[in-house]
Amino acid sequence: MTALDTVREIEGRHVLATYKRQPVVFTRGEGARLFDGDGREYLDLLSGIGVASLGHAHPGLAAVIADQSATLLHTSNLYYHPLQGEAAARLATISGLPRTFFCNSGTEAVEACLKFARRFWHTQGDRERTEFVAMEGAFSGRTFGSLSVTHDEHYREPFEPLLPGVTFVNANEPAAIAAAVTDRTAAIIAEPIQGEGGVRPLSAAAVSAITAACRTTGALFIADEVQTGLGRTGVPFYFQALGLNPDLVSVGKALGGGVPIGACLCSERVAQAISAGDHGTTYGGNLLACRAAVFFLQQIMEGGLLDHVKALAPHFERRLRTLALRHSLVTDVRGAGLMRGLELRVDATPVVDTARQHGLLVNRTDEKVVRMLPPLTITAAELDRGLDILDTVLAAVGSEVHA
Ligand code: PLP
């Protein structure tokens, strides 16, 4: 039996089959590289879906995790500890949103944003203002609240009824946004760049329509930055690049570099509407998670990591555009910074599978999109090596499609 067979056999009996896994068992990582059970090396242009932001086995992150675990891991939110405030202050500096609620994942961050938006209006005495407007193609998670603002029927339908009062609009139809947002809308929620929806940035027209709808109706705006946030696009948050002004921002993924942590950032006026007991979680913002987050934020803010992403982004984009010119299979190149998608004329599965066989990890979103979310620490040489492999893979898959 291979390592893969052994793992598959025991998972098949004991792990709930909620994931369709690819046929590989990873046992070790180093920077942008992963190694499987047979010692085979892979270049990781996905970083665990944008989570391993500092790459794998980052020595600095490993050291602070080891130190914190030997000092104090968890005390609960019944008591103070020194690290939540430090992590929150850093998030305030890079986002402009002064207050943070810590949780454990992206879906929980969105859940908190939705609850705080409703709580804001409740505190104002407006009990009717409970609805949400979300975008077609949105993915914001799988808990009941976040699933209610996730668009894909396939994820939603088996769990209905979901939250009432959610309207989905086509982000490319500004008039539809204007029509959907009313004085019953608690908040509009949108990803500045849709991740699972196929790496689709909000258009300038959508940004104007959201801004105008919030101004005329007073609705809050929630930026779901779970995938785009924390330097991924070459700026701290992509709402900043778009000129949006959110009241609430959800973050997750990159924040702990692999240690589970999410956060809901909010404006002072929203913060003023929240009272003790309104929301909470046992693990949220524990010492281990916050220590990892502070370390990650130090790399972004003082360690030159944001400048590194900014510097690498034009090169990444140029190389992807060259690939698009060389391969008629590619119909579009989208994204920003180190969050990129190549849309294909065909389903992206053969490209993802062939890439993995060639030692390159990318993934498929929205059927035809090859998505790349490399570690923020990836070097230009590693990126070039990955894109050389992708070039070979697109040629191989393209010739089969044409045959
Ligand atoms: N929001 C966005 C934009 C996401 O991309 C994701 C996950 O991919 C989520 C929310 C949910 O995050 P998590 O999987 O950590 O619960």
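In the block above lies the structure referred to throughout.
Residues numbered from 1 in each chain as written. Predicted model: local features only at pLDDT ≥ 70, side-chain atom pairs only at ≥ 80, totals over all residues. Heavy atoms only, no water.

Draft legend 1. Expanded view of the pairing of strand β2 (residues 33-36). Here four bridges tie strand β1 (residues 26-30) to β2, and the two strands are oriented antiparallel to one another. The residue of β2 that forms the bridge with Arg28 is Phe35. The antiparallel pairing of β1 with β2 creates a hairpin that spans two residues between the two strands, and Gly31 there sits at a positive phi of about 60°. Pairing between β2 and strand β3 (residues 41-44): three bridges, direction antiparallel. Bridge pairing in β3 links Leu34 to Tyr42. (Pairing = 2+ DSSP bridges. Helix = DSSP H or I, 4+ residues; strand = E, 2+ residues; numbered from the N terminus.)

Draft legend 2. Geometry of the site of the ligand. In the vicinity of the ligand, the residues found are Ser105, Gly106, Thr107, Phe139, Ser140, Gly141, Glu191, Glu196, Asp224, Val226, Gln227 and Lys253. Within the backbone of Gly106, one N or O atom sits 2.9 Å away from an oxygen atom of the ligand. Of the residues assigned to the shell around the ligand, the class counts are two nonpolar, six polar and four charged. (Near = heavy atom within 4 Å. Polar contact = N/O pair within 3.5 Å; in protein donor to acceptor, adjacent residues only side chain to side chain. Nonpolar A, V, L, I, M, F, W, Y, C, P; charged D, E, K, R; others polar.)

Draft legend 3. Molecular detail of the layout of surface pockets. Approximately 790 Å³ is the volume found for the second largest pocket. Around the second largest pocket sit 26 residues that line it, and Asn77, Gln84, Thr100, Phe101 and Phe102 are the ones nearest its centre. Among the secondary structure elements, those contributing two or more residues to the lining of the second largest pocket are α4 (82-95), β4 (99-103) and β12 (262-266). Grouping the amino acids of the lining of the second largest pocket by side-chain chemistry returns 13 nonpolar, eleven polar and two charged. (1 Å grid on protein atoms, 1.4 Å probe; cavity = no way out; pocket = protein on both sides within 12 Å on 5 of 7 lines; lining within 4 Å. Points joined across faces, edges and corners; volume = space filled by probe spheres on them.)

Draft legend 4. Inspection of the state of the cysteines at higher detail. Under the defined criterion, the tally for this structure stands at zero disulfides. With no disulfide of its own, Cys113 lies closest to Cys264 among cysteine sulfurs, the gap being 3.7 Å. You can see Cys266 has no disulfide; the closest cysteine sulfur is in Cys264, sitting 5.5 Å from it. (Disulfide = S-S within 2.5 Å.)

Draft legend 5. Summary view of the sheet that holds strand β11 (residues 248-251). Overall, mixed pairing links the seven strands, which are arranged β4-β12-β11-β10-β7-β5-β6 in an open sheet. The open sheet terminates on both sides in strands that have one partner only, identified here as β4 and β6 (166-169). Averaged over all adjacent pairs, the angle separating strand axes in this sheet is 20°, with direction ignored. Inspection of the sheet shows strand β5 (residues 131-135) paired to β6 by four bridges, in the parallel sense. Pairing of Phe132 across the sheet is with Val166, part of β6. With respect to the sheet, helix α5 (residues 106-123) is in contact with β4, β5, β7 (185-190), β10 (220-224), β11 and β12, its orientation differing from that of β11 by roughly 165°. (Axes fitted to C-alpha atoms, helices over the stretch in contact; angles between N-to-C directions. Contact = heavy atoms within 4.5 Å.)

Draft legend 6. Structural detail: the packing of aromatic side chains. Taken as a whole and judged by the stated rule, the model has five aromatic pairs. Taking the centre distance of 5.1 Å and the plane angle of 90° together, the rings of Phe26 and Tyr42 count as edge-to-face. Residue Phe26 is located in strand β1, and its partner Tyr42 is located in strand β3; the two are separated by 16 residues in the primary sequence. Sitting over the ring of Tyr155, Arg142 keeps its end group 4.1 Å from the ring centre. (Phe/Tyr/Trp six-rings, centres within 6.5 Å; stacked < 30°, edge-to-face > 60°. Lys NZ or Arg CZ within 6 Å of the ring centre and 35° of its normal.)

Draft legend 7. Structural detail: the sheet that holds β3. Strand order in the open sheet made by the four strands is β1-β2-β3-β15, with mixed pairing throughout. Of all the strands in the sheet, just β1 and β15 (360-361) have a single pairing partner and so form its edges. On the sheet, helix α15 (residues 380-402) packs against β2, β3 and β15 and is oriented at approximately 105° with respect to β3.

Draft legend 8. Fine view of empty space enclosed by the protein. What the rule picks out here adds up to one cavity of 30 Å³ or more. Here the largest cavity defines a volume of roughly 30 Å³. In this structure, the largest cavity is lined by His74, Thr75, Ser76, Asn77, His81, Gln84, Thr282, Tyr283, Gly284, Gly285 and Asn286. When the residues that make up the lining of the largest cavity are grouped by side-chain class, the tally is one nonpolar, ten polar and no charged.

Draft legend 9. Spotlight on the nonpolar core. The biggest cluster of nonpolar side chains holds 84 residues, and the ones touching the most others in it are Ile210, Leu230, Leu255, Phe296, Leu342 and Met372. For this core, the leading source of residues is helix α12 (residues 287-301), giving ten residues. Split by domain, this core shows at least three residues from each of two domains, domain 1 (3-58 + 304-402) and domain 2 (72-301). Once you skip the residues sitting within four places of it in the chain, Leu255 turns out to touch Leu91, Leu230, Ile261, Ala263, Ala292, Ala293, Phe296 and Leu297. Of all hydrophobic cores here, the second largest spans 28 residues; its members include Leu114, Leu220, Val226 and Cys264. (Core = buried A, V, L, I, M, F, W, Y, C linked by side-chain atoms within 4.5 Å. Buried < 20%, exposed > 50% of the residue type's maximum accessible area, 1.4 Å probe, protein only. Domains from an automatic or database assignment.)

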